[in-house]
Amino acid sequence: MYREKQAYDEDRKYAVKSRRRVLERELKSLKRLMYGGNIRIWEYLSDYWGDYSEEQTNVFVEQVIDEEHYQRIHTFDHAGYLHKFPFYRKLLYCVLRTLTAGYTHYQNGNVTDFGEPEKITFFDVVSSFQGVHSELLDVDIVYFMRILYEILEQKEIDLALLNPGSEEPEMTEDSEKQMLVEIESWEALEEEKLRELGASVEEWRAGEQEAFVHEKARQMEEENRIRETFPEREHFCRSLEEILLYLKENSVRADELETEIRELLFQFLSDRRLSVLDEEEAFVEVMVQLKKTIRTAQRYLEE
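Draft legend 1. Up close: the overall build of the protein. The secondary structure content of the protein amounts to eleven helices and two strands. Shown N-terminal to C-terminal, the secondary structure of the protein runs as helices and strands in the order α-α-α-α-β-β-α-α-α-α-α-α-α. Taking the intrachain contacts of the protein between residues at least 6 apart in sequence as the baseline, contacts between residues at least 24 apart amount to 73%. Summing over all exposed atoms, the protein offers an accessible surface of approximately 20,200 Å²; the carbon and sulfur share of this is 51%.

And the structure:
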């Protein structure tokens, strides 16, 4: 009886947790739709033929990071914040170029990218400024920024200032030795398992090596493609370097950055009536349905 009750409680907890995740996901989806966050951003970065346009992208960045928009956020003493304009514009530009570069990274059997540039939404851009703790940007954005810079410039760059909360610990001689011991231990266990299954360890290792060589070839091919096709590489790389210079001399709060960029992006959408919040009939209809849903939840709670 106790075991049955325990199993029932575990099932109930799992069900409630799953439902909570579904609820949070749907609420976020509703918010994105209401603000216009699901609108794709490629239209503002491309030319008449649908190809990437550096000119259009620069115009878009200036329209988003706009003094009039910024004044709506800082009604008082907005002039005292204008020194952040060049920094904000460069940072938004680099985020947009990273998200829409169409770059695919091949490493350790994993294939990672941000998807097709044409499908990137305003919400994706906003999410890029949602770091964890003291991080100014999402860790994946910073990771890809660094990779793109190093591919284009053929030299390393340290972007720790963009996400100081996620700096990797320095690899010491002892930690390197420990890592090698763990790798050897894992490989020994792997080979033991293969022998138990009657598989050839040599053939398995040969297959791994072949896969590794193939992956390296794909990675090199992708890097060469980026070098040949990335528009205005100089603008991207210099902007990233200037961002770091600004951060060395100025303190930037992650929460303030995320809030202001989000508001500026959503203000851009609102000014163009691309938000449900700007259409009275649409807003009223959605709110009526939402209030019905709230009343339904209240009824079940009271019962």
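Draft legend 2. Spatial organisation of the packing of helix H2 (residues 54-64) against helix H4 (residues 85-99). Remark: H2 packs on H4, axes separated minimally by 10 Å, with the N-to-C direction vectors making an angle of 135 degrees. When the axis of H2 is compared with that of H4, the two are oblique. Along this stretch, H2 crosses H4, giving a crossing that reads as right-handed. Contact residues: Glu54, Thr57, Asn58, Phe60, Val61, Glu62 and Val64 in H2; Arg89, Leu92, Tyr93, Leu96 and Arg97 in H4. Tallied by class, the residues present in the contact of H2 with H4 amount to six nonpolar, two polar and four charged.

Draft legend 3. Expanded view of H4. Here H4 contains 15 residues, and its C-alpha end-to-end distance of 21 Å stays within 8% of the 21 Å for a straight helix at 1.5 Å per residue. Of all 15 residues in H4, twelve are buried; the element is thus mostly enclosed. Among all positions in H4, only Phe85, Phe87, Tyr88, Leu91, Leu92, Tyr93, Cys94, Val95, Leu96, Arg97, Thr98 and Leu99 are buried. Each element contacted by the buried residues of H4 is listed here: H2, helix H3 (67-73), helix H5 (122-128), helix H6 (139-153), helix H9 (233-249) and helix H10 (254-271).

Draft legend 4. Seen up close, the pattern of salt bridges. Applying the stated criterion to the full structure yields 13 salt bridges. Taking the shortest distance from any N to any O, the salt bridge between Arg227 and Glu223 comes out at 3.6 Å. Separated by four residues within a single helix, Arg227 and Glu223 lie in helix H8 (residues 201-229), roughly one turn from each other. Linked through salt bridges whose partners overlap, the residues forming this network are Glu153, Glu234, Arg238 and Glu241.

Draft legend 5. Up close: unusual backbone geometry. Here the phi dihedral of Gln154 falls at roughly 60 degrees; this positive angle occurs in a residue that is not glycine. Within the secondary structure layout, Gln154 lies in the loop between H6 and helix H7 (173-196). Judged by relative accessible area, Gln154 falls into the exposed class, the value being 55%.

Draft legend 6. View of the environment of Tyr52. Summarising the element assignment, Tyr52 is placed in the loop between helix H1 (2-35) and H2. Considering only alpha carbons, one finds Tyr52 and Glu118, 66 residues apart in sequence, at a separation of 9.8 Å. Look past the residues within four positions of Tyr52 in its chain and what remains in contact with it is Trp42, Leu45, Ser46, Thr57, Tyr93, Arg97 and Pro231. For Tyr52, the side chain forms a polar contact with the side chain of Glu54, separated by 2.6 Å. For Tyr52, the side chain forms a polar contact with the side chain of Arg97, separated by 3.2 Å.

Draft legend 7. Local environment of the environment of Thr57. Within the fold, Thr57 resides in helix H2. When the C-alpha atoms of Thr57 and Glu43 are compared, they prove to be 9.7 Å apart, with 14 residues separating the residues in sequence. Apart from the residues lying within four places of it in its own chain, the contact partners of Thr57 are Tyr44, Leu45, Tyr52, Tyr93 and Leu96. Within the structure, the side chain of Thr57 is placed 3.3 Å from the side chain of Tyr52, a separation counted as a polar contact.

Draft legend 8. How the structure looks around the side chain of Arg97. Mapped onto the elements of the fold, Arg97 is located in helix H4. Glu54 provides the closest opposite charge to the buried, salt-bridge-free Arg97, at an N-O distance of 4.3 Å. For Arg97, the residues in contact, after removing those within four places along its chain, are Tyr52, Glu54, Phe230, Pro231 and Phe236.

Draft legend 9. Summary view of a nonpolar patch on the surface. There is a patch of nonpolar side chains on the surface, built from Leu277, Phe283, Val284 and Val288 and spanning about 300 Å² of accessible area. Its location among the elements puts Phe283 in helix H11 (residues 280-302).

Draft legend 10. A look at the packing of aromatic side chains. Taken as a whole, this structure holds 14 aromatic pairs when the rule is applied. An angle of 75 degrees between the planes, with centres 5.9 Å apart, marks the rings of Tyr143 and Phe144 as edge-to-face. On the basis of relative accessibility, which here comes to 28%, the residue Tyr143 falls in the partly exposed class. The class of Phe144 is buried, set by a relative accessible area of 6%.

Draft legend 11. Fine view of the packing of H4 against H6. The interhelical angle for the contact between H4 and H6, taken along N-to-C directions, is 80 degrees, at an axis separation of 10 Å. One way to sum up the angle between H4 and H6 is to call them roughly perpendicular. Contacts between H4 and H6 involve Cys94, Val95, Thr98 and Leu99 from the first element and Ile141, Phe144, Met145 and Leu148 from the second. Considering only residue class, the contact of H4 with H6 consists of seven nonpolar, one polar and no charged.

What counts, and at which threshold
- Residues numbered from 1 in each chain as written.
- Predicted model: local features only at pLDDT ≥ 70, side-chain atom pairs only at ≥ 80, totals over all residues.
- Heavy atoms only, no water.
- Helix = DSSP H or I, 4+ residues; strand = E, 2+ residues; numbered from the N terminus.
- Contact = heavy atoms within 4.5 Å.
- Areas by Shrake-Rupley, 256 points an atom, 1.4 Å probe, with all protein chains shown as cover.
- Axes fitted to C-alpha atoms, helices over the stretch in contact; angles between N-to-C directions.
- Parallel < 35°, antiparallel > 145°, perpendicular 65-115°, else oblique.
- Left-handed = near helix turned anticlockwise from the far one by under 90°.
- Nonpolar A, V, L, I, M, F, W, Y, C, P; charged D, E, K, R; others polar.
- Expected span 1.5 Å × (residues − 1).
- Buried < 20%, exposed > 50% of the residue type's maximum accessible area, 1.4 Å probe, protein only.
- Salt bridge = Lys/Arg side-chain N within 4 Å of Asp/Glu carboxyl O.
- Polar contact = N/O pair within 3.5 Å; in protein donor to acceptor, adjacent residues only side chain to side chain.
- Lys, Arg positive; Asp, Glu negative; His and termini not counted.
- Patch = residues over 30% accessible without salt bridge, like charges linked within 9 Å, V, L, I, M, F, W, Y side chains within 5 Å.
- Phe/Tyr/Trp six-rings, centres within 6.5 Å; stacked < 30°, edge-to-face > 60°.

Remember, this is a structural readout, not a statement about activity or role.
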